[in-house]
Amino acid sequence: MIVIVPQGGQVPPLAAVEPEADVLVVRTADELRAAQEDAEILFLNDFRSTLLREVGPGRLRWIHTSSIGMDPLLTESVVNSDVVASNSRGVCERPIAEWVLGVLLMFTKDLRRTIELQRQHRWQHRETEPILGRKVLVVGPGPVGRETVLLLRAAGMDVTVVGRTARQDPALGAIASIADLDELLPGADDVVLTLPLTEDTRGLFDASRLKKMRRGARLVNVGRGAVVVADDLLAAVDDDHLDAAALDVFEQEPLPANSPFWSRDNILVSPHASGDLVGWRSRVVDSFVENLRRWKVGEPLRDVVDLRKLGITAPASTAP
């Protein structure tokens, strides 16, 4: 099996894998091409990797990602192949939901201002907002969205869920259709995006849609950066239509040092780390090892993803 890790990046803790398979660690396209001559399994430990776009799946029969998102696999050569794809569902969903709750609390309780006033040694009494009854629109009822909805409701928020189609869910209740999104946006205090990047979601929140959000609302994005048009979001914040935004994902990652997002006091920049709890790499490997055991004995794999439903997407920019 092959393990792709980023250039200069950390190799995951593979002690549990090594008794089960011959492990080849690769970082470059040439190394991947050479490794594919003998390997049938790929463990993709770098969600920003472009190597599969450059090399293709070759003789691989199964690809497992260390992330929930499948972006590096959404190429024509992989999607249209017979390769089985699975992800690491169950590792990052709850941590991401906790991060969303944390930033919503930060905004409503004005904690950034409190920290700044402390730096200035200023005692300035002021009032803050409640979270009880706050109206939140969560767009994307996938694994991350599901955990987010349940946690925000447990905290007392009034959460509406939007998915591709209108339906009833045993845990989430009524899910509204994406076709109703424009009608729902004006009623939300906060909009939380937990969407994957597909051709349908790319640029979904452009200037027109951002303007449909009520004045003073806040946007949180833990899905994919390209779901939001960056310049349009900056304009919506700068003209005070939106009160604030919390972003854990960006179309270009790492975010360039000259990006205007860094300098906005009412935009929180997070380095795509909302799901990275201490020990997450070991949990990802544990998830993979269980699937590897199933693969070797011919049992159905867990967390298989139908790439054809996601479609083929253009690569996200990762250049500095």
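For the structure itself, consult the block above.
Residues numbered from 1 in each chain as written. Predicted model: local features only at pLDDT ≥ 70, side-chain atom pairs only at ≥ 80, totals over all residues. Heavy atoms only, no water.

Chemist: Account for the overall build of the protein, with residues named and values stated.
Modeler: When helices and strands are counted, the protein shows eleven helices and 13 strands. On C-alpha atoms alone, the protein measures out to a radius of gyration of 21 Å, which is about the 20 Å that the 2.2 N^0.38 rule sets for 320 residues. When the backbone C-alpha atoms are referred to their principal axes, the protein occupies close to 65 × 45 × 30 Å. Across the 320 residues of the protein, 49% fall into the buried class. Accessible surface, the protein: about 15400 Å² in total, of which carbon and sulfur atoms supply 51%. Of the charged side chains in the protein, 37 are positive and 46 negative, and the gap between their average positions amounts to 4 Å. (Helix = DSSP H or I, 4+ residues; strand = E, 2+ residues; numbered from the N terminus. Rg over C-alpha atoms; globule rule 2.2 N^0.38 Å. Buried < 20%, exposed > 50% of the residue type's maximum accessible area, 1.4 Å probe, protein only. Areas by Shrake-Rupley, 256 points an atom, 1.4 Å probe, with all protein chains shown as cover. Lys, Arg positive; Asp, Glu negative; His and termini not counted. Charge placed at Lys NZ, Arg CZ, Asp CG, Glu CD.)

Chemist: Run through the pairing of strand β7 (residues 158-163), naming residues and quoting values.
Modeler: Along any regular strand, the residues point their side chains to alternate faces of the sheet. By the bridge criterion, five bridges tie strand β6 (residues 135-139) to β7 in an arrangement that is parallel. Looking at the pairing, L137 lines up with T160 of β7. Considered for its hand, the β-α-β crossover made up of β6, helix α6 (residues 143-154) and β7 is right-handed. Here three bridges tie β7 to strand β9 (residues 173-177), and the two strands are oriented parallel to one another. (Pairing = 2+ DSSP bridges. Right-handed = clockwise from strand over helix to strand, strands pointing away.)

Chemist: Mind laying out the sheet that holds strand β5 (residues 84-86), listing which residues take part and the relevant values?
Modeler: Pairing is parallel in the open sheet, where five strands are placed in the order β2-β1-β3-β4-β5. Both outer strands of the open sheet, β2 (24-26) and β5, are each paired with one neighbouring strand and no more. For this sheet, the mean angle separating the axes of adjacent strands, direction not counted, is 20°. Sheet contacts for helix α10 (residues 280-297): β3 (41-44), β4 (62-65) and β5; angle to β4, the most-contacted strand, approximately 160°. (Axes fitted to C-alpha atoms, helices over the stretch in contact; angles between N-to-C directions. Contact = heavy atoms within 4.5 Å.)

Take it as geometry only, folks, not as evidence of what the structure does.
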